Amino acid sequence: MNDQTPTSVERATKLKGLGHSRKRVEDVRFTQGKGNYVDDIKMPGMLFGDFVRSPYAHARIKSINIDAAMALPGVVAVLTAKDLEPLGLHWMPTLAGDKQMVLADGKVLFQGQEVAFVVADDRYINADAIDLVEVEYEELPVVTDPFKALEPDAPVLREDLAGQTSGAHGARKHHNHIFLWEVGDEAATDEVMADADVVAEETVYYHRTHPCPLETCGCVASMDKVNGKLTLWGTFQAPHVVRTVASLLSGIEEHNIRVVSPDIGGGFGNKVGVYPGYVCSIVASIVTGRPVKWIEDRMDNLMATAFARDYWMKGKISATKDGKITGLHCQVTADHGAFDACADPTKFPAGFMSICTGSYDIPVAYLGVDGVYTNKAPGGVSYRCSFRVTEAAYFIERMIEVLAIKLGMDAAELRAKNFIKKDQFPYQSALGWEYDSGDYHTAWEKALKAVDYDALRVEQAERVEAFKRGETRKLLGIGLSHFTEIVGAGPVKNCDILGMGMFDSCEIRIHPTGSAIARLGTISQGQGHATTFAQILASEIGISADSITIEEGDTDTAPYGLGTYGSRSTPVAGAAAAMAGRKIRAKAQMTAAYLLEVHDGDLEWDVDRFIVKGAPEQFKTMTEIAYASYNQAIPGLEPGLEAVSYYDPPNMTYPFGAYICVMEIDVDTGTHEVRRFYALDDCGTRINPMIIEGQVHGGATEAYAIAMGQELAYDEIGNVKTGTLMDFFLPTSWETPTYETDFTETPSPHHPIGAKGVGESPNVGGVPAFSNAVHDAFRPFGLKQSHMPHDQWRIWKIANDLGLHS
Ligand code: PCD
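- Going by what an unreviewed UniProt entry lists, the protein is known as Carbon monoxide dehydrogenase large chain and is assigned to Falsihalocynthiibacter arcticus.
- Taken from UniProt, the Function (unreviewed entry) comment for the protein reads in full: "Catalyzes the oxidation of carbon monoxide to carbon dioxide."
- Regarding the protein, the UniProt comment filed under Subunit (unreviewed entry) reads as follows: "Dimer of heterotrimers. Each heterotrimer consists of a large, a medium and a small subunit."

Written out as C-alpha cells, the structure is:
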C-alpha cells in the first residue's frame, strides 16, 4: 500500500454511515416545492368526493333526501348507508375489535360524523351539493363526560350493541362501557398501600387533543375495470395494512390492490387508521368507473379523524418516610368516543399504558383501564408517542411530584433515589415489561449539572421571597421529567394489528456497478428515512449512503411491513435493514474468497471491502464484488446480489431521557416564557445526530403545544369548540421555545446495531417537563394539581384560586 491509499477511517467517513450527520436527501424536493403529495395526483376523468357531516353529536336520522343534490349539474352520485348496506360496507371493523359506521346508519353519534358521500366533477360543485342534501335529525341527549356516560340512566349510545355483555376485550359492565383492562397485582398493591408510611393520591387528567398534521388525510381510489386492479393512493402510515383491510372488506384479491403512500406531510398517528373516506372513495370509484379523490379540510380533520389522549388517571403512590417508593396504583377512565377505534396492538386495548411505572424501581403495581363510549369522535391514537406512553409518562411524572410535595422532599432527589439502577438491566417491571437497557443516573446527573439545578432552586426561593415582598409579579418554575419510552412494536408473539404480526422488512438489491436499492415495509412522513436507512446499510455493506436508494410505501414493490408509527421504524425495519445487509455481506464474502482464491474464513471485513487476514494489500471492495456477482460463474453461488429480511424483534426497545424546563410565569396575565429547555435523549446507537436533533425539536414543540394550549374541546352538547386553527393551538416559530439538546448513548443489547427509536421521545418527556414547570412555579403557594392545557386563562385561574391576585 502507498501513502495515497485511504485509511479505514477515511473510507468509513466517505460512506456517510452510522453516526454521520448526513444532510436529508429528501429535502432537495421538499425545499423546492417538488414533493408529490396525494392532492398532487391528478388523473383524467377524476371525480371528487366529500361528506355531508352531522351538525349534532347525538341524533336520530329521520330521513335523507338527495334529490336536490342529484339534480345539481356535475353531481355524479350521492352515497348513503342504504347504498353501502347491500355491499356490507355501511359499517367497518376498527383496529380495536369494534365496528364503526362508514355512513350514518339510523343515528349519528358525534359532531362531524359522516352522513352521506357526495361525488361530483369538482370540489366546488361538491360543496354546493352537500348543502342541498336534506337530512332530518331528531336530537337525542348528549354525553361528553365519560363518568356521566357510566351512570345507570345515561342514554344508550351504541344501540347496535344492545344486550351485548362482552366485547373484544372482555366483559362490559354498562351499556356505554367498552372494556376493563387490568395489569399487575391489585391485592398486593392495596396491601402495600395500607401499610405504607406515606401515600400520595391525585387524579391526573390528560386532555383530549389531536395530531393535526399539516397535510390532512386523503386518498385517490382508481378502479380499473379492464384489468380488475384497484389502485389506492393515500396518506397512509401503514400501506400494507390498508391493502389487507381493503381486500378483506371489498373481496378484491390482494394482488389486485396496489396501495401507494406518496410523500406525506406529517402523520403523528393520525394516518394509521382506516377512515370512512377511504371506503367511500373506493366504492365510488367502483360504481362510477372513474378515479375518485377525497381530501379533508382542516375542520373535517380536527372534528372527525383520530383524536389522542382523553385519559382520566386516578393514582396512588406509596413510599417510606425517606422516599423509597413501595407501590403504584392507577385507575384510568378512558374516553374513546363513539366507536372504539384506538390504534393499538390487538392485545393491548390501552396500548402500553402499563409502562406507567416509568423509570422507577417500583416493586408492586396495578393498572386498570375502563374504556367508555361518549358522543365524541372516535380515535385514540398514539399522537407522537408509542400507544399511550405519553399518558403513562405524564401520569408517573406528576405522581412523583405529588409524592415529593407530600414527603417535603426535592423532586430531583426523589427521582434519583428511585431510578432503576444501571446494573438492574434487563429490568423486569411490576407491570410485566422487560426494559432492555438504561443508565438513568448518568443521564440525570448530566441534566441537573447542565442547567445548574441547585442554583436554579436558590434563584426560585429568592424569587418567592421577592414576590411576597411585592417586588415582582413573576414566578419561576423548574419542570423536571425523566421518562422511559417503549418502542418497536413489536415482538410478533404479543403484538399484532388485525392479526398481522408486527414484524418489519427490508429487501436489498445491489446493482452490478456497486450501487443499490433497498425497499422497506415502513413509510416516512417527514422523518427522513431515505437518508437514515441508507446510513444503516452503508455501514453494513460498505457502499456509500449516497449510492443507495431507499424506497417505501408502494405495496406492489415493497416487502410486507406494518408501517411507521410508535417509533417502530428504527427498532424493527432498521433492524431488518441491518440483517438484510448482513446477508448481503455473507454472500459477498464467499464471492471475495473465490476471487482472491482463499478460504472465506481467511477474510475479514474492513469498512467497504474484504481483506485477507494478515495481508491487507490483498482485498476485494464491495464494488468489485458487486460486479463479479453479475459477470462470474461462481461455483456454488447463484448470480446476483440480493437479500431480504423479515425481522421479528425479540423485545421492544426502551429509549429514555431527562428533560428540564425553566419557565417564568406572570401571575397577573397568566402568560409564560420558556427561559430554558434542556432535552437529553438516549436512543442507543445514533444513526444521524442531525436528524435526531430535528426529531427532538419537532416532538418537543408538539409537547409544548399540548401542555400549554392545544386541546380538542367540546361543549356540553357535543359541539367541537376548537375545530379550526384559530382555536386549536398549533405553535408557529413565534411561540416555539428554543431547545438545547444533549445525549447519552446506551445501546439496546438485542437490536442488531443497538439503536432505539427517538421520534416520539420528546413528546413523552416534554409534556411532563412543561406541565411540571407550571406546577412547580405555584408549588410554594400550595398548588398540587391543575389540569392541562396550561393556557393563559387556566394559569391566571390557578393564581386567582391561590389568592395571588389580592
Ligand atoms: N433515528 C436515528 N437514530 C436513532 C433513532 C432514530 O437517527 N437511534 C432517526 C430515524 O432514522 C428516523 C427518525 O430518527 O429518521 C425517527 O426514528 P424512529 O424513532 O424510529 O421513528 P419512526 O418510526 O421513523 O417514525 C415514527 C415517529 C412517530 S411515531 C411520530 S408520531 C412522529 C415522529 O416519527 N411523526 C413524524 N417524527 C416525525 N417527524 C416528521 N417530520 N413527521 C412526522 O409525521 Mo406516531 O405513533 O405515528 O403517533
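1. Remarks on the packing of helix α11 (residues 389-407) against helix α19 (residues 761-778)
(1) Moving on: Between α11 and α19, the shortest axis-to-axis distance is 8 Å and the interhelical angle comes to 35°. The two elements α11 and α19 meet at a crossing, and its hand is right-handed. Across the interface between the two elements, V389, T390, A393, Y394, E397, R398 and E401 from α11 touch N763, V764, V767, P768, S771, N772 and H775 from α19.
(2) Moving on: Each residue belonging to the contact of α11 with α19 can be placed in one class, and the counts come to six nonpolar, five polar and three charged.

2. A short note on the packing of aromatic side chains
(1) Moving on: One pass over the structure, following the stated rule, counts 34 aromatic pairs.
(2) Moving on: Between the aromatic rings of F419 and W444, the centroid separation amounts to 5.7 Å while the plane-to-plane angle is 85°, which identifies the pairing as edge-to-face. Here the residue F419 occupies a position in the loop between α12 (411-418) and β21 (427-428), and W444 occupies one in helix α13 (residues 440-450), the gap between them amounting to 25 residues.
(3) Moving on: Judged by its relative accessible area of 1%, F419 is buried.
(4) Moving on: We classify W444 as buried; its relative accessible area is 1%.
(5) Moving on: With a centroid separation of 5.4 Å and an interplanar angle of 80°, the aromatic rings of F425 and Y440 are classed as edge-to-face. Here the residue F425 occupies a position in the loop between α12 and β21, and Y440 occupies one in helix α13, the gap between them amounting to 15 residues.

3. A look at the UniProt feature "domain: Aldehyde oxidase/xanthine dehydrogenase a/b hammerhead" (unreviewed entry) in the protein
(1) Moving on: Residues annotated in UniProt with the feature "domain: Aldehyde oxidase/xanthine dehydrogenase a/b hammerhead" (unreviewed entry) correspond here to residues 32-141.
(2) Moving on: What you have in residues 32-141 is 17% helix and 36% strand, and the ends, taken at the C-alpha atoms, are 51 Å apart.

4. Brief notes about unusual backbone geometry
(1) Moving on: Between A489 and the following residue, G490, the backbone shows a cis peptide bond with an omega angle of -20°.
(2) Moving on: By secondary structure assignment, the location of G490 is in the loop between β23 (474-484) and β24 (496-497).
(3) Moving on: A cis amide bond links M788 with the next residue in sequence, P789, at an omega value of -10°.
(4) Moving on: You can see P789 is positioned in the loop between α19 and α20 (792-801).
(5) Moving on: One non-glycine residue, F387, lies in the positive phi region at around 45°.
(6) Moving on: Of note, F387 is situated in the loop between β20 (379-381) and α11.
(7) Moving on: F387 gets classed as buried once you look at its relative accessible area, which sits at 2%.
(8) Moving on: Backbone geometry at V607 places phi at a positive 60°, although glycine is not the residue there.
(9) Moving on: The residue V607 is located in the loop between β29 (603-606) and β30 (609-612) in this model.

5. Re the environment of G563
(1) Moving on: When you line up the elements, G563 lands in the loop between β28 (548-552) and α16 (569-596).
(2) Moving on: Residue G563 is classed as buried on the basis of its relative accessible area, which comes to 0%.
(3) Moving on: Here the alpha-carbon distance between G563 and V38, two residues 525 residues apart in the chain, equals 18 Å.

6. Section: the site of the ligand
(1) Moving on: Taken together, 35 residues sit near the ligand, with S382, G566, T570, Q695 and V758 positioned nearest.
(2) Moving on: Between an oxygen atom of the ligand and a main-chain N or O atom of R568, the distance comes to 3.3 Å.
(3) Moving on: Listing elements by their share of the shell around the ligand, those giving two or more residues are α15 (529-541), α16 and α18 (689-708).
(4) Moving on: Of the residues contributing to the shell around the ligand, the split by class is ten nonpolar, 20 polar and five charged.

7. A few points about the pairing of strand β34 (residues 672-682)
For a regular strand, side-chain orientation follows a simple rule: the groups alternate between the two sheet faces.
(1) Moving on: Sheet topology note: the strand β33 (residues 656-666)/β34 ladder contains ten bridges and is antiparallel. Counterpart to I660 in the pairing with β34 is Y678.
(2) Moving on: Taking the residues that link successive antiparallel strands as the turn, the β33-β34 hairpin has five residues, and the phi of G670 there is positive, at about 75°.
(3) Moving on: When β34 meets strand β35 (residues 740-743), the two strands line up parallel, connected through four bridges. Looking across to β35, one finds that Y678 is bridged to E740.
(4) Moving on: Handedness of the crossover joining β34 and β35 through α18 is recorded here as right-handed.

8. A closer look at the state of the cysteines
(1) Moving on: Counted by the stated rule, this structure contains zero disulfides.
(2) Moving on: The thiol of C280 is not disulfide-bonded; the next cysteine sulfur, from C219, is found 9.4 Å away.
(3) Moving on: A relative accessible area of 0% means that C280 is categorised as buried.
(4) Moving on: Free cysteine C356: the closest other cysteine sulfur is in C330, separated by 4.9 Å.

9. A closer look at the pattern of salt bridges
(1) Moving on: A full pass over the atoms with the stated rule returns 55 salt bridges.
(2) Moving on: Among the ionic pairs, D556 bridges to K229, the shortest N-O distance being 3.0 Å. One end of the pair, D556, is in the loop between β28 and α16; the other, K229, is in strand β14 (residues 229-234), with 327 residues separating them in the sequence.
(3) Moving on: Among the ionic pairs, R794 bridges to E711, the shortest N-O distance being 3.2 Å. On the criterion of sequence distance, the pair formed by R794 in helix α20 and E711 in the loop between α18 and β35 is long-range, its members being 83 residues apart.
(4) Moving on: With relative accessibility at 22%, the residue R794 sits in the partly exposed group.
(5) Moving on: Residue classification places E711 among the buried positions, given a relative accessible area of 17%.
(6) Moving on: A network of salt bridges, in which partner residues are shared, links E507, R509, R519, E551 and E642.

10. Description of the packing of α15 against α16
(1) Moving on: Where α15 contacts α16, the axes come no closer than 9 Å and their chain directions differ by 35°. Read as a crossing pair, α15 and α16 show a hand that is right-handed. For the pair α15 and α16, contact is made by H529, F533, I536, L537, S539, E540 and I541 and by S569, A573, G574, A577, A578, G581, R582, I584 and R585, respectively.

11. A few points about the side chain of R519
(1) Moving on: Residue placement: R519 occurs in strand β27 (residues 516-520).
(2) Moving on: On the accessibility criterion, R519 (14% relative accessible area) is buried.
(3) Moving on: Looking at R519, its side chain comes within polar contact range of the side chain of E551, at 2.8 Å.
(4) Moving on: Beyond its immediate chain neighbours, meaning those up to four positions away, R519 contacts S505, C506, E507, R509, E551, T557, A558 and P559.

12. Observations regarding the nonpolar core
(1) Moving on: Counting 187 residues, the largest nonpolar core has M313, F352, M353, F770 and F778 as the members making the most contacts within it.
(2) Moving on: If you tally residues by element for this core, the top one is α11, at twelve residues.
(3) Moving on: In contact with F778, not counting residues within four places along its chain, are L475, I665, V667, L783, I795, I798, A799, L802 and L804.
(4) Moving on: Core analysis: the next-biggest nonpolar cluster, separate from the first, contains 42 residues, A516, M622, Y647 and I753 among them.

13. Concerning the sheet that holds β34
(1) Moving on: Overall, mixed pairing links the four strands, which are arranged β23-β33-β34-β35 in an open sheet. If you trace the sheet from one side to the other, it starts and ends with β23 and β35, each paired once. Averaged over all adjacent pairs, the angle separating strand axes in this sheet is 15°, with direction ignored.

What counts and how
Residues numbered from 1 in each chain as written. Predicted model: local features only at pLDDT ≥ 70, side-chain atom pairs only at ≥ 80, totals over all residues. Heavy atoms only, no water. UniProt positions renumbered as here; feature names shortened; annotations may be inferred. Axes fitted to C-alpha atoms, helices over the stretch in contact; angles between N-to-C directions. Helix = DSSP H or I, 4+ residues; strand = E, 2+ residues; numbered from the N terminus. Left-handed = near helix turned anticlockwise from the far one by under 90°. Contact = heavy atoms within 4.5 Å. Nonpolar A, V, L, I, M, F, W, Y, C, P; charged D, E, K, R; others polar. Phe/Tyr/Trp six-rings, centres within 6.5 Å; stacked < 30°, edge-to-face > 60°. Buried < 20%, exposed > 50% of the residue type's maximum accessible area, 1.4 Å probe, protein only. Near = heavy atom within 4 Å. Polar contact = N/O pair within 3.5 Å; in protein donor to acceptor, adjacent residues only side chain to side chain. Pairing = 2+ DSSP bridges. Right-handed = clockwise from strand over helix to strand, strands pointing away. Disulfide = S-S within 2.5 Å. Salt bridge = Lys/Arg side-chain N within 4 Å of Asp/Glu carboxyl O. Core = buried A, V, L, I, M, F, W, Y, C linked by side-chain atoms within 4.5 Å.

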